[in-house]
Amino acid sequence: MYIIINGKIDNFLFSLEDYLNRKSKLIRNFEEGVFIWGVSRLYSTEKPGTKILLYLSRDEEREFEGCIVLAGEIRETGELKEKYWPEGEWPYYMILKVSAIPRSIIQSKNPRDWKCVSREELKEKYNIRPLPGIQKISEEIGKEIESKLAAL
């Protein structure tokens, strides 16, 4: 099963930095190649083995329209003992084994440089309107989006 979850750019950039450089104590508790993502509560769909597509919401200040930036699989979930992300309160974390993240995202912290699966493409090609919370999508569409991310 694939699900789309939402997030904000600042928290993504924080987790991306930790994914690339393994600076935090938290990430060093897990294998290399994992990405930490936070949620306000864990739903029954957010369990090990679930495939995740991470969608970043529109950010007008950065002239960013929103897109899917990462694909991965939940390896583990847990409750945080201290604040991890700079923006908001996210008491629970998911350890995601990254399966696809576009090269442009690894190379630039500026969202305008990123090649990703855009909000417009999700709507037009896949008939998906990113909404707050969790959205389940078909295995077929999830695999197609994951493959596209890997090729970008």
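Look above for the structure.
Summarised in this report is the structure supplied together with it. Nothing here was measured: the structure is a model prediction, and the numbers come from that model.

1. A word on the pairing of strand β4 (residues 67-79)
Now for step 1: With six bridges joining them, strand β3 (residues 51-56) and β4 adopt antiparallel strand pairing. Paired with Tyr-55 across the two strands is Ile-68, which belongs to β4.
Now for step 2: Judged from the two bridges that link them, β4 and strand β6 (residues 117-118) form a sheet pairing that is antiparallel. Residue pairing in the sheet places Ile-68 in a bridge with Val-117 of β6.
Now for step 3: Pairing analysis gives eight bridges linking β4 to strand β5 (residues 92-100), with the strands arranged antiparallel. Bridge pairing in β5 places Ala-71 opposite Ala-100.

2. What about helix α1 (residues 9-21)?
Now for step 1: Between its first and last C-alpha atoms α1 spans 18 Å; for 13 residues at 1.5 Å apiece the expected length is 18 Å, and the two agree.
Now for step 2: For α1, the complete set of buried residues consists of Ile-9, Asn-11, Phe-12, Leu-13, Ser-15, Leu-16, Asp-18 and Tyr-19.
Now for step 3: Where α1 is buried, its residues touch β1 (2-7), β2 (34-39), β3, β4, β5 and α2 (103-107).
Now for step 4: Trailing α1 by a residue or two, Arg-22 shows a phi angle of about 50°, which is positive.

3. Brief notes about the side chain of Arg-22
Now for step 1: Structurally, Arg-22 is set in the loop between α1 and β2.
Now for step 2: Summary of buried charges: Arg-22 has no salt-bridge partner, and the nearest side chain of opposite charge, Glu-32, is 4.3 Å away.
Now for step 3: With residues up to four places along the chain from it excluded, the contact list for Arg-22 reads Glu-17, Ile-27, Arg-28, Phe-30, Glu-31 and Glu-32.

Procedures and definitions
- Residues numbered from 1 in each chain as written.
- Predicted model: local features only at pLDDT ≥ 70, side-chain atom pairs only at ≥ 80, totals over all residues.
- Heavy atoms only, no water.
- Pairing = 2+ DSSP bridges.
- Helix = DSSP H or I, 4+ residues; strand = E, 2+ residues; numbered from the N terminus.
- Expected span 1.5 Å × (residues − 1).
- Buried < 20%, exposed > 50% of the residue type's maximum accessible area, 1.4 Å probe, protein only.
- Contact = heavy atoms within 4.5 Å.
- Lys, Arg positive; Asp, Glu negative; His and termini not counted.
- Salt bridge = Lys/Arg side-chain N within 4 Å of Asp/Glu carboxyl O.

Nothing here speaks to function; it is all geometry.
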